[in-house]
Amino acid sequence: MTRFVNVLGWIGTALVVAAVAIRFIRPEQQQVWQRLALAGLVVVLLYLATQWREFATMWSRRGTRAGALTSASVLLLLAILVGVNYVAGRQHKRWDLTEGGQFTLSDQTRKVLGELKAPVNVKVFAKDTEFQRFRDRLDSYTYASPQVKVEYIDPDKQPAVARQWQVQQYGTIAVDVNGRIERITADTEQDITNAIVKAVEGGEKKVYFTQGHGERDTTSADQRSGYNAIAGALQRDNFAVDKVVLAQQQDVPADAAVLVIAGPKNDFLPPELDMVQRYLDKGGKLLLLIDPPDGADAAPLTGLITLARAWGVDVGTNVVVDVSSVGQMLGAGPSMPVVATYPDHPITENFALITAFPLARSITPVDGGTNGRTAQPIATTSAQSWAETDLAAVFAGTPVARDEGGADTEGPITLAVAVGVDAPGAPKTPPPPPPVPGQPAAPETPPTPQTRVVVIGDSDFAANGVLGTQGNRDFFLNALNWAAQQENLIAIRPKQAGDRRVTMTEDQQRRVLYLSVLGLPLAVAALGFWTWSRRRG
């Protein structure tokens, strides 16, 4: 019996050690290591209970009491550490010291997670040695929302589960929301958040960019004028991007969530304008980016300007000049107004980033609105700007100054406006009948379709060349998401990691080599010799 009791202590210790080992080697086996730890503690307590006489004898010794006090102090310290870890595990707090906040969830992701109404089950299919890489990212999601549950699965150890979820390669993340499954093979924040949005909404929305009038090309990678970077950003925001030539269509495509007219050089034909007007009357969404004229004698885009005015937007025939110090800090000339002021609107809610608009024109709400359609400004320049009407001087490169009391409009100048009204062509929905006692309540009346129009006096700000300027990308995406009635995606998106590479000339590289290989060792040797000589002297 005594031998068995002595073995109990070793068995309990072995169980606790095994639990600790499994906790660190296979953390996903939570139930296993928790049960082993509990069993080990119970066995150890049983062993200690059978040794009470020995403990009483030992306690009568002075050394034992001193050792017990030391042990109690150590145990108290361990208890404090365990308590701190327990609280830290449930009160998540991290400090991200990277320049762009690479390990902090963006406002956009937190907004999406905060609006989740159904459980989101995320399954990571990867080798168990790769789990930690995904856990570093996905732990932030589980902390941000209790609706997000993450499970890590090794396809080699659970092939049946991988086959059931149609996993084709390692590193696949499957997002399941009410049976709708989205699979991705990347672990960036935008990819994961986009997969959650797709699974919640059940698919992508279609954005059409018009073509045929010199508009921006969403497939072009040209550094100055290409739009492929913003097209990629739209795809990460759960949009499918396509082109459309309205002159070859009978109507705007029925699946168009938003129609984008980005920087046309020539005016639309009357049948095309009619298509756009019919589309808007039925609750369509339009993002119109209309640049200043290409020159003093350029033909005005009369049709598009008239279309904008029908929705309460006045497009100015001018070029906005900005001589503020903010623009100079960005290395911008006076023809690139910089915006840091955003009137209250859902598009710019909590938006505190600078945006730059190369060669922009004024876009202002029509006084009193048009047919009950009242536009709201969403971006205005500084007081050191004005709307220059002398286009010949601007395009000739001649220095310009504000014409006091003349045709020039004193700043601040509005560069972008937004309009949201009930669709005029949508059928009127009758109000629900009054409730009848004892009868079930009538279903809620669906809301009337809404037309949304955003007009911005520049298309260059979303081109590849300046898209990286602080808030340019987010401003474009916020405007389009608002137009598409995806307010849950109006926020600040994750920043890209900065490029910290050092580029040196051949001469600079040679100097660094000499300094590190010869300079520093010689300096250390000289300091040592000087110290030695002083001691001898």
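Residues numbered from 1 in each chain as written. Predicted model: local features only at pLDDT ≥ 70, side-chain atom pairs only at ≥ 80, totals over all residues. Heavy atoms only, no water.

1. Focus on the nonpolar core
Then, number 1: In terms of nonpolar packing, the biggest core is built from 41 residues, with Val258, Leu287, Val454, Ile456, Phe475, Phe476 and Leu480 touching the most fellow members.
Then, number 2: Those elements that place two or more of their residues in this core are strand S5 (205-210), helix H9 (228-236), strand S7 (256-262), strand S8 (285-289), strand S14 (376-380), strand S17 (414-422), strand S18 (450-456) and helix H14 (472-483).
Then, number 3: When residues of this core are assigned to their parent elements, the largest contribution, 7 residues, is made by H14.
Then, number 4: Setting aside residues no more than four positions away along its own chain, Leu480 makes contact with Val207, Leu234, Phe239, Val258, Val260 and Leu287. (Core = buried A, V, L, I, M, F, W, Y, C linked by side-chain atoms within 4.5 Å. Buried < 20%, exposed > 50% of the residue type's maximum accessible area, 1.4 Å probe, protein only. Helix = DSSP H or I, 4+ residues; strand = E, 2+ residues; numbered from the N terminus. Contact = heavy atoms within 4.5 Å.)

2. Some words on the sheet that holds strand S16 (residues 409-410)
Neighbouring strands of a sheet are bound in pairs by backbone hydrogen bonds; such pairs are parallel or else antiparallel.
Then, number 1: One open sheet holds the 3 strands; their spatial order is S10-S15-S16, and the pairing between them is antiparallel. Looking at strand neighbours, the two that pair on one side only are strand S10 (319-322) and S16, the edges of this open sheet.
Then, number 2: One ladder, built from 4 bridges, connects S10 with strand S15 (residues 385-388); its direction is antiparallel. Among the inter-strand pairings, Val319 is bridged to a residue of S15, identified as Glu388. (Pairing = 2+ DSSP bridges.)

3. Quick look at the sheet that holds S7
Then, number 1: As summarised here, the arrangement of the 7 strands in space is S6-S5-S7-S8-S18-S17-S14, forming an open sheet in which the pairing is mixed. Strand pairing shows two members of the sheet lacking a second neighbour, strand S6 (239-244) and S14, which therefore form its edges. Strand after strand, the sheet turns through a mean of 20 degrees between neighbouring axes, direction not considered.
Then, number 2: Here S5 runs beside S6; their pairing, made up of 6 bridges, is parallel. Bridge assignment links Lys206 to a residue of S6, and that residue is Ala240.
Then, number 3: Against the sheet, H14 contacts S5, S6, S7, S8, S14, S17 and S18, and its axis sits at roughly 160 degrees relative to S18. (Axes fitted to C-alpha atoms, helices over the stretch in contact; angles between N-to-C directions.)

4. A look at the pattern of salt bridges
Then, number 1: By the definition in use, this model includes 11 salt bridges.
Then, number 2: Of the charged contacts in the structure, one is a salt bridge between Lys206 and Asp242, with a shortest N-O distance of 3.8 Å. Here the residue Lys206 occupies a position in strand S5, and Asp242 occupies one in strand S6, the gap between them amounting to 36 residues.
Then, number 3: The closest approach of N and O atoms between Asp314 and Arg309, which form a salt bridge, is 3.6 Å.
Then, number 4: For Arg309, a relative accessible area of 42% translates into the label partly exposed.
Then, number 5: The network of salt bridges with shared partners includes Glu130, Arg133 and Asp187. (Salt bridge = Lys/Arg side-chain N within 4 Å of Asp/Glu carboxyl O.)

5. With respect to unusual backbone geometry
Then, number 1: A cis amide bond links Gly411 with the next residue in sequence, Pro412, at an omega value of 0 degrees.
Then, number 2: Locating Pro412 in the fold gives a position in the loop between S16 and S17.
Then, number 3: In this model, Gln166 sits at a positive phi of 55 degrees, which is unusual for a non-glycine residue.
Then, number 4: Within the secondary structure, Gln166 is located in the loop between helix H7 (159-164) and strand S3 (172-177).
Then, number 5: Located in the positive-phi region is Asn350, a residue other than glycine, with phi close to 60 degrees.
Then, number 6: As for its position among the elements, Asn350 is in the loop between strand S11 (338-339) and strand S12 (355-356).
Then, number 7: Looking at Asn350, the relative accessible area reads 68%, which means it is exposed.

6. Details of the packing of helix H6 (residues 131-144) against helix H8 (residues 189-201)
Then, number 1: Relative to each other, H6 and H8 sit at 45 degrees, their axes nearing to 11 Å. Accordingly, the angle class assigned to the pair H6 and H8 is oblique. Where H6 crosses over H8, the handedness of that crossing is right-handed. Contacts from Arg137, Leu138 and Tyr141 in H6 reach Glu189, Ile192, Thr193 and Ile196 in H8. (Parallel < 35°, antiparallel > 145°, perpendicular 65-115°, else oblique. Left-handed = near helix turned anticlockwise from the far one by under 90°.)

7. A few points about the packing of helix H10 (residues 270-281) against helix H11 (residues 302-310)
Then, number 1: The geometry of H10 relative to H11 is characterised by a closest axis approach of 11 Å and an angle of 15 degrees between their N-to-C directions. Here H11 runs roughly parallel to H10, going by the angle between their axes. In the crossing of H10 with H11, the sense of the turn from one axis to the other is right-handed. Facing H10, whose interface residues are Leu273, Val276, Gln277 and Leu280, H11 presents Gly303, Leu304 and Leu307.
Then, number 2: Of the residues in the contact of H10 with H11, the class split is 5 nonpolar, 2 polar and no charged. (Nonpolar A, V, L, I, M, F, W, Y, C, P; charged D, E, K, R; others polar.)

8. Digging into the confidence of the model for the protein
Then, number 1: Of all residues in the protein, 82% attain a pLDDT of 70 or more, and the chain-wide mean is 83.
Then, number 2: The least confident element of the protein, judged by mean pLDDT, is helix H12 (residues 325-329) at 59; the most confident is S8 at 97. (pLDDT = per-residue confidence, 0-100.)

9. Observations concerning the pairing of S18
Then, number 1: The element S18 is extensively covered by neighbouring structure, given that 6 of its 7 residues are classed as buried.
Then, number 2: Pairing between S8 and S18: 5 bridges, direction parallel. Of the residues in S18, the one forming a bridge with Leu287 is Val454.
Then, number 3: Sheet analysis places S17 next to S18, joined by 7 bridges and oriented antiparallel.

10. Let's talk about the packing of aromatic side chains
Then, number 1: Tallying each qualifying case throughout the model produces 11 aromatic pairs.
Then, number 2: When the ring of Phe357 is compared with that of Phe461, the centres are 5.0 Å apart and the planes differ by 40 degrees; the resulting orientation is tilted. Of this pair, Phe357 sits in the loop between S12 and strand S13 (363-365) while Phe461 sits in the loop between S18 and H14; the two residues are 104 residues apart in sequence, bridging distant segments of the chain.
Then, number 3: What makes Phe357 buried here is its relative accessible area of 0%.
Then, number 4: Consider the rings of Phe461 and Phe475, whose centres lie 6.1 Å apart with planes at 70 degrees: the pair is edge-to-face. (Phe/Tyr/Trp six-rings, centres within 6.5 Å; stacked < 30°, edge-to-face > 60°.)

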